[in-house]
Amino acid sequence: MSHLLEVRNLTVDFHTAQGTVHAVRDVSWHLDRGECLAILGESGSGKSVSASAIMNLIDCPPGEIVTGEILFEGADLLKKSGEERRQLNGKRIAMIFQDPLSHLNPVYTVGFQIEEIMTAHGWPADKARARCLELLERVGIPDFANKVDAYPHQFSGGQRQRLMIAMALALKPDILIADEPTTALDVTVQAQILALLEELQRETGMGLLLITHDLGVVAEVADRVVVMNSGQIVETGSAAEVYRAPAHPYTKKLIGAVPGGGDMAQPLDTGIAPILEINGLSKHYGAFAALDNASLTVLPGETVAIVGESGSGKSTLAKCLLRLEEASMGEALWQGRDLVTMPARDLFEMRRDIQMVFQDPTQSLNPRMSVYQIISEAWAIHPDILPKPQWKERVRDLLEQVGLSADHMFRYPHQFSGGQRQRIAIARALALEPKLIVCDEAVSALDVSIQAQVIELLTRLQDELGLSYLFIAHDLPLVRDFAHRVVVMQGGRIVEQGPVAQIFDAPRMNYTRNLMAASLHPDPEVQAERRAARDAIKEAS
Amino acid sequence: MKSFLGQRAIASAISLVALIVLVFFLSRLTGDPTTLYLPVDASLESREQFRKLHGLNDPLIVQFGRYVGDLIRLDFGESIRRSEPALDAVLRAFVWTLQLAVITMALVTAAAIVLGSLAAFKVGGLFDRIATFFSLIGASAPDFWIAIVAIVIFSVNLGWVPTSGTGSVWHWILPISVLFIRPFGLILQIVRGSMITALSSAYVKTARAKGVRNRPIIFVHALRNAMLPVITVIGDQAAALLNGAVVVETVFGFPGVGKLMIDSILQRDFTVVLAAIFVTAVAIFLMNILIDILYAVLDPRIRY
């Protein structure tokens with residue numbers, strides 16, 4: 001019997017100005033009805049390319065499908081005309097994407113966009129409207145009868161992904177391709193979206209192709225998994241098998257790099273005077289409290305992680321601390337002096353001691369400045385730190401300290417990979433010899449294996465230089481391995497804080513427990529247990 | 001929205017006042033009005049009489065007060081050369097210019113949007129290359145030269161259309177065609193660039209994955225998103241036309257506000273110049289408000 005969808009020996013090249021890139025080479029996999037296949041890989045592994053080829057989304061040129069077949073119900077899609085493939089898209093094979101905000105058209109109502117998939121395939125408008133309302137109710141959009149005429153920016157991230165799912169499932173497709181469907185979402189929302197996808201798959205019996213970099217997502221929903229690395233499939237098997245007995249070294253490396261398995265740090269001696277003491281810090285925007293009465297301390301050499309969902313006030317706290325935003329109330333004592341009320345002149349001096357590393361190094365490094373200029377700029381601003389003749393030597397030292405080499409000095413940010421760029425950002429922060437570094441989702445945009453390297457670097461620097469970190473993150477396993485203490489935030493308030501072992505092993509608050517239960521573990525068996533625990537919480541409430 | 005319109009109206013009014021003040025003092029800076037208005041060999045007595053008649057002997061501040069008082073009543077005074085209220089002459093000419101501008105910009109907008117969108121759909125294709133080639137020529141061609149060459153070819157040699165004036169539909173063809181070329185070239189380039197960005201966006205990818213046909217992808221999904229920068233440039237170009245297409249109106253003897261202004265400046269008919277500046281300024285302010293409203297209509301994320 002032939003498979004519902006089968007990709008055979010697919011090779012896709014992209015012809016760029018820098019030469020030909022082999023995006024995928026000789027890739028073969030198949031998907032059956034009612035099954036969930038995950039394609040797992042890091043950025044640049046080519047995991048999305050075969051999906052784009054199935055949906056006819058590869059622009060040729062610069063793309064070229066060199067060899068291969070894509071058999072849908074036995075017939076090769078690549079031999080069909082553009083119009084024949086258009087008729088399959090959306091109707092028989094549908095797709096949802098990573099970032100629902102940019103994948104929904106900002107200037108049309110969501111109702112229009114959901115109905116369009118039906119009218120494009122010949123449905124009359126009134127029938128499409130009725131089905132649209134039915135779908136919105138099914139995917140759990142509150143007040144859907146009114147919300148149907150709202151625009152994408154008026155929904156939350158999780159709701160937008162629900163809208164995308166409603167759209168994709170409108171015509172009951174045989175196959176749903178989900179490309180990183182939960183990557184941009186909070187853990188609790190991620191769990192809801194994955195649960196919704198599973199439910200809908202059970203209802204309709206469709207085949208689900210899930211493209212992801214997250215072993216936890218694989219463990220939660222996939223039956224089988226295909227592991228990809230630099231355009232090739234390195235391993236295939238059932239999700240449980242591949243996790244338990246990975247055969248290929250790359251898969252082993254990937255599983256080994258997943259955080260959350262190491263020892264948890266012991267709390268530091270509380271007898272030391274804190275380097276930073278925040279008391280009742282608040283930030284109001286009109287009547288809305290983005291940050292409400294937050295108090296915490298950071299000891300020298302300590303890593304304090306701040307976790308919480310988007311909108312919980314984590315970043316507002318950091319911004320108020322660095323005076324990128326003015327706090328409405330409260331104090332932040334830095335070695336006894338209040339940062340909140342400090343006059344601008346003193347603040348200039350103080351900024352040396354507190355540095356920040358941002359989430360996206362592509363955006364936080366000036367693309368027109370060389371690495372040398374980026375790092376040495378700090379000394380141009382604070383001229384008393386280092387006389388100019390020594391700059392080059394110090395930049396070399398700093399680059400070596402963060403694991404780059406001296407000959408990287410005169411290159412520009414675009415010549416580096418994402419992980420290397422974050423190292424540059426860390427070197428820049430270190431240039432001022434700070435005592436505290438605020439890391440705002442500093443490793444969230446990086447692949448798991450790169451994440452592990454950057455965390456290792458941060459840990460080493462802490463040991464060598466006695467740095468403190470305020471580590472803002474949404475990735476709980478990472479926090480578990482890295483932090484001394486954890487602060488949990490919700491809706492602008494700190495709901496719980498304590499040593500990492502206490503928060504992870506014996507969380508007191510329901511919110512923290514929910515957060516823990518929603519975070520995904522790479523082991524399918526552990527994940528099955530967690531799911532049971534999660535269902536229990538749901539039933540109990 | 002209402003408060004936004006109110007704010008915009010106030011801001012425009014302030015700009016208008018600044019413009020009026022500037023025009024008054026700049027015109028006084030150009031020297032003694034009698035040397036401008038009267039013949040070079042005019043006698044001292046006639047000069048003195050002229051000054052008295054027009055109150056030029058009063059202190060500047062008094063003159064300014066009178067000037068503002070007249071303006072509030074929309075009384076710009078008599079045209080010295082035309083013996084009718086200056087405003088009447090300007091409004092008559094402005095109607096011509098407005099028709100010319102509206103027809104030209106409507107044609108430019110329609111043509112540039114359709115052709116620019118199609119060029120962007122297959123970047124580097126034959127159609128794109130032809131469109132880009134001609135739009136670049138259009139955007140860089142000097143209009144006075146095109147106007148003269150067009151008259152030579154189509155009016156003098158071929159005799160298809162009249163050389164100048166108004167009266168029939170045929171009279172409109174050359175001025176509109178010549179005014180069309182430059183904004184068309186420019187706006188086509190903007191549409192093309194903006195559409196290339198929009199067509200490579202994520203929501204267009206979604207539309208393709210939904211099985212939406214190419215035409216709605218271009219003209220429904222991409223175009224509306226691509227229109228914001230285009231509208232800005234359209235507004236800019238339309239403002240230039242409302243100001244009077246001075247060269248083209250003059251070459252074609254078209255009785256618009258641009259020609260009126262040039263004629264009045266040459267004839268030292270300053271009341272008319274002043275009225276023309278006032279009317280075109282008000283028109284441009286109104287158009288800018290219209291463009292702001294259009295932004296909000298096109299993009300639901302923009303709310304004032």
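Cut-offs applied
- Residues numbered from 1 in each chain as written.
- Chains lettered and ligands numbered in written order.
- Predicted model: local features only at pLDDT ≥ 70, side-chain atom pairs only at ≥ 80, totals over all residues.
- Heavy atoms only, no water.
- Helix = DSSP H or I, 4+ residues; strand = E, 2+ residues; numbered from the N terminus.
- Rg over C-alpha atoms; globule rule 2.2 N^0.38 Å.
- Contact = heavy atoms within 4.5 Å.
- Areas by Shrake-Rupley, 256 points an atom, 1.4 Å probe, with all protein chains shown as cover.
- Lys, Arg positive; Asp, Glu negative; His and termini not counted.
- Charge placed at Lys NZ, Arg CZ, Asp CG, Glu CD.
- Axes fitted to C-alpha atoms, helices over the stretch in contact; angles between N-to-C directions.
- Parallel < 35°, antiparallel > 145°, perpendicular 65-115°, else oblique.
- Nonpolar A, V, L, I, M, F, W, Y, C, P; charged D, E, K, R; others polar.
- Pairing = 2+ DSSP bridges.
- Core = buried A, V, L, I, M, F, W, Y, C linked by side-chain atoms within 4.5 Å.
- Buried < 20%, exposed > 50% of the residue type's maximum accessible area, 1.4 Å probe, protein only.
- Salt bridge = Lys/Arg side-chain N within 4 Å of Asp/Glu carboxyl O.
- Polar contact = N/O pair within 3.5 Å; in protein donor to acceptor, adjacent residues only side chain to side chain.
- Buried area = accessible area lost by both parts, 1.4 Å probe.
- pLDDT = per-residue confidence, 0-100.

1. Digging into the overall build of chain A
If you tally the helices and strands in chain A, you get 22 helices and 20 strands. Radius of gyration (C-alpha) of chain A: 25 Å, near the 24 Å computed for a compact globule of 541 residues. Expressed along its principal axes, the backbone C-alpha trace of chain A runs to roughly 70 × 55 × 45 Å. Considering only contacts in chain A between residues 6 or more positions apart, those separated by 24 or more positions represent 67%. Accessible surface, chain A: about 22,600 Å² in total, of which carbon and sulfur atoms supply 50%. Side-chain charges in chain A split into 51 positive and 69 negative, and the spacing between the mean points of these groups amounts to 3 Å.

2. Quick word on the packing of helix H4 (residues 110-119) of chain A against helix H7 (residues 157-169) of chain A
All names here are of chain A. The N-to-C vectors of H4 and H7 enclose an angle of 25°; their axes lie 8 Å apart at closest approach. In terms of orientation, H4 and H7 fall into the roughly parallel class. Contacts from Val-110, Gln-113, Ile-114 and Ile-117 of H4 reach H7 at Leu-163, Ala-166, Met-167 and Ala-168. When grouped by side-chain class, the residues that make up the contact of H4 with H7 number seven nonpolar, one polar and no charged.

3. Section: the sheet that holds strand E2 (residues 19-31) of chain A
Residues and elements named next belong to chain A. Spatially, the four strands line up as an open sheet ordered E2-E1-E4-E5, and their pairing is antiparallel. Edge positions in the sheet fall to E2 and strand E5 (75-76), since each has one partner strand and no second. Relative to strand E4 (residues 63-72), strand E1 (residues 5-16) runs antiparallel, the two sharing eight bridges. Counterpart to Val-7 in the pairing with E4 is Ile-70.

4. Examining the nonpolar core
A:Trp29, A:Ile54, A:Ile114, A:Met118, A:Ile165, A:Leu176 and A:Ile177 are the most contacted members of the largest nonpolar core, which totals 89 residues. No other element matches H7(A), which puts seven residues into this core. With sequence-adjacent residues up to four places away left out, A:Leu176 is seen in contact with A:Ala94, A:Met95, A:Ile96, A:Ala168, A:Leu169, A:Leu197, A:Met206, A:Gly207, A:Leu208 and A:Leu209. Counting 80 residues, the second largest nonpolar core, distinct from the first, contains B:Ile146, B:Val161, B:Leu241 and B:Phe278.

5. Looking at the side chain of A:Glu496
Residue and element names in this part refer to chain A. For Glu-496, the location among the structural elements is in strand E20 (residues 493-499). As a buried residue without a salt bridge, Glu-496 has its nearest oppositely charged side chain in Arg-508, at a separation of 4.8 Å. Side-chain polar atoms of Glu-496 contact the backbone nitrogen of Arg-508, separated by 2.7 Å. Setting aside residues no more than four positions away along its own chain, Glu-496 makes contact with Val-486, Val-487, Val-488, Gln-502, Ile-503, Ala-506, Pro-507, Arg-508, Met-509 and Thr-512.

6. A few points about the interface of chain B and chain A
On the side of chain A, 28 residues touch chain B, which itself brings 18 residues to the contact. Taking both partners together, chain B and chain A bury about 2,100 Å²; carbon and sulfur atoms supply 56% of that area. When the buried area of chain B at its contact with chain A is split by residue, B:Arg208, B:Ala209 and B:Lys210 rank highest and sum to 28% of it. Where chain B meets chain A, there are two salt bridges. Put simply, A:Glu116 and B:Lys210 hold a salt bridge, and the shortest N to O gap is 2.9 Å. Where chain B touches chain A, the interface holds 15 residue pairs in polar contact (both at pLDDT 80 or more). Of all the secondary structure elements, the ones that give two or more residues to the side of chain B that touches chain A are helix H9 (202-210) and helix H10 (214-242) of chain B. The biggest single contributor to the side of chain B that touches chain A is H9(B), with seven residues. Grouping the constituent residues of the side of chain B that touches chain A by class yields seven nonpolar, four polar and seven charged.

7. Regarding the confidence of the model for chain B
Residues and elements named next belong to chain B. Put simply, chain B has an average pLDDT of 86, and 98% of its residues get 70 or more. H9 holds the highest mean pLDDT among the elements of chain B, 93, whereas helix H2 (residues 33-37) holds the lowest, 71. Model confidence for the complex is summarised by a pTM of 0.80, with the ipTM given as 0.78.

8. Here we look at the pattern of salt bridges
All names here are of chain A. Counted by the stated rule, this structure contains 36 salt bridges over all chains. With a shortest N-O distance of 3.9 Å, Glu-325 and Lys-283 are connected by a salt bridge. Here Glu-325 is found in the loop between helix H12 (314-321) and strand E14 (329-334), whereas its partner Lys-283 is found in strand E11 (residues 276-285), with 42 residues between them in sequence. Ionic pairing is found between Arg-337 and Asp-346, a salt bridge with its closest N-O pair at 2.8 Å. For Asp-346, a relative accessible area of 24% corresponds to the partly exposed category. Overlapping salt bridges, with partners in common, bring together Arg-33, Glu-73, Arg-92 and Asp-174 in one network.

9. Digging into the sheet that holds strand E3 (residues 36-40) of chain A
All names here are of chain A. A sheet is described by the order of its strands in space; here six strands give the open sequence E6-E7-E8-E3-E9-E10, paired in mixed fashion. Single-partner strands in this sheet number two, and they are strand E6 (93-96) and strand E10 (232-238). Each adjacent strand pair in this sheet contributes to an overall mean axis angle of 15°, direction not counted. With six bridges connecting them, strand E9 (residues 224-229) and E10 associate as antiparallel partners. Paired with Arg-224 across the strands is Ser-238, a residue of E10.

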